[in-house]
Amino acid sequence: MTSHILDLTGKTALVTGGSRGIGAACVSLLAERGATVAFTYAKSAEQAEEVVARAAAFGGKAIAISADLADPMKAVAGVEKAVDALGGRLDILVNNAGVAEHGSIGALANDTLERQLDINVRGVWYTTTTAVAVLADGGRIINIGSFFSERVPFPGSSAYGMTKHAVAGMTKGWARDLAARKITVNTVEPGPIATDANPEEGERAKRIQAVVPLGRFGQPHEVAELVAFLASSAAGYITGANILIDGGLLA
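Residues numbered from 1 in each chain as written. Predicted model: local features only at pLDDT ≥ 70, side-chain atom pairs only at ≥ 80, totals over all residues. Heavy atoms only, no water.

Asks: What should I look at first to understand the overall build of the protein in this one?
Replies: Check the secondary structure of the protein and you find seven helices and seven strands. Starting at the N terminus and ending at the C terminus, the protein contains elements arranged as β-α-β-α-β-α-β-α-β-α-β-α-α-β. By the compact-globule yardstick of 18 Å for 251 residues, the protein fits well, its C-alpha radius of gyration being 17 Å. The buried share among the 251 residues of the protein stands at 49%. Relative to all contacts within the protein whose residues are 6 or more apart in sequence, the contacts with residues 24 or more apart total 74%. Accessible area of the protein: about 11,700 Å², with a carbon and sulfur share of 54%. Both charge centroids of the protein, one from 22 positive and one from 25 negative side chains, sit 4 Å from each other. (Helix = DSSP H or I, 4+ residues; strand = E, 2+ residues; numbered from the N terminus. Rg over C-alpha atoms; globule rule 2.2 N^0.38 Å. Buried < 20%, exposed > 50% of the residue type's maximum accessible area, 1.4 Å probe, protein only. Contact = heavy atoms within 4.5 Å. Areas by Shrake-Rupley, 256 points an atom, 1.4 Å probe, with all protein chains shown as cover. Lys, Arg positive; Asp, Glu negative; His and termini not counted. Charge placed at Lys NZ, Arg CZ, Asp CG, Glu CD.)

Here you go:
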């Protein structure tokens, strides 16, 4: 049974990029803990409906909203649609949507750089600045960053690392801005997590696992557990933090 301090019954949440991977795990767990969860997706309506069905299977409620965060106007509209679907109230915002595209300096295409800035930085900014207008006092903002904000482990990742540094910076600034409203703002910084985009099998995965002290990739549900904790009343004194969940990789 979920501890009462981790229970999210009666809360409403918005998760961006919630149709797969870490985002889908966050939607499922927040709904399981009792929250009504709206989530955005950019492409796959079929995957989004599967997430809705999984939430319903254990009595939770999830609502899928089509919104491409690469477009600021669509990002704002996505928040507005989600808040309407949630009855005009928002308690928890999880900025999960992101994209990682690598390339060395001088070789990375300008449009590839701009796409990462649009989704990873501007998308987070516009989503959050729209959401704070309706976010309840005492609410939670949880940004999904990356261990790349702490260290760039291989060549070709300067642009992606830059965007995740920006997320970490926004977190600290917003924690100051919103403290008077008792809204906490934190970043979860995953290391190697097993997703469709980052499979835990193959030669590349073996090389990564060899340098992770725990010897394995993390799982999306493990990241979701940290997100759900930060969303709960148990985490009321944690704000402005960038929290690694990387199996000890950067220890």
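Asks: Just checking my understanding: could you explain the pairing of strand β1 (residues 12-15) for this structure?
Replies: A regular strand places its side chains on the two faces of the sheet in alternate fashion. The side-chain alternation of β1 yields two buried faces, one formed by Thr12 and Leu14 and the other by Ala13 and Val15. The pairing of β1 with strand β2 (residues 36-41) spans four bridges and is parallel. Bridged to leucine 14 within β2 is alanine 38. In this fold, the crossover linking β1 to β2 by way of helix α1 (residues 21-32) has right-handed handedness. Pairing geometry for β1 and strand β4 (residues 90-95), over three bridges, is parallel. In the strand pairing of β4, alanine 13 is matched with isoleucine 92. (Pairing = 2+ DSSP bridges. Right-handed = clockwise from strand over helix to strand, strands pointing away.)

Asks: Even after reading the chapter, I still don't get the sheet that holds strand β5 (residues 135-144), so can you show me in this structure?
Replies: Either a parallel or an antiparallel arrangement is found when strands of a sheet pair, and the pairing is made through backbone hydrogen bonds. If you trace the seven strands from one edge of the open sheet to the other, you get β3-β2-β1-β4-β5-β6-β7, paired in parallel fashion. Since the sheet does not close on itself, it has two edges, and those belong to β3 (61-66) and β7 (242-245), each with one partner. Each adjacent strand pair in this sheet contributes to an overall mean axis angle of 20 degrees, direction not counted. (Axes fitted to C-alpha atoms, helices over the stretch in contact; angles between N-to-C directions.)

Asks: Would you mind showing me how to read the pattern of salt bridges here?
Replies: Working definition: two side chains of opposite charge can pair if their charged atoms are close together. Here the structure, examined in full by the defined rule, presents eight salt bridges. Between glutamate 225 and arginine 33 there is a salt bridge, with its nearest N and O atoms 2.8 Å apart. Linking glutamate 225 in helix α7 (residues 220-231) with arginine 33 in the loop between α1 and β2, this pair joins segments that are 192 residues apart in sequence. A relative accessible area of 37% places glutamate 225 in the partly exposed class. The residue aspartate 137 makes a salt bridge to arginine 181 at a minimum N-O spacing of 2.8 Å. Linking aspartate 137 in strand β5 with arginine 181 in the loop between α5 (158-178) and β6 (184-190), this pair joins segments that are 44 residues apart in sequence. Classification of arginine 181 by relative accessible area gives partly exposed; the value is 27%. (Salt bridge = Lys/Arg side-chain N within 4 Å of Asp/Glu carboxyl O.)

Don't take any of this as a statement about function, it's just geometry.
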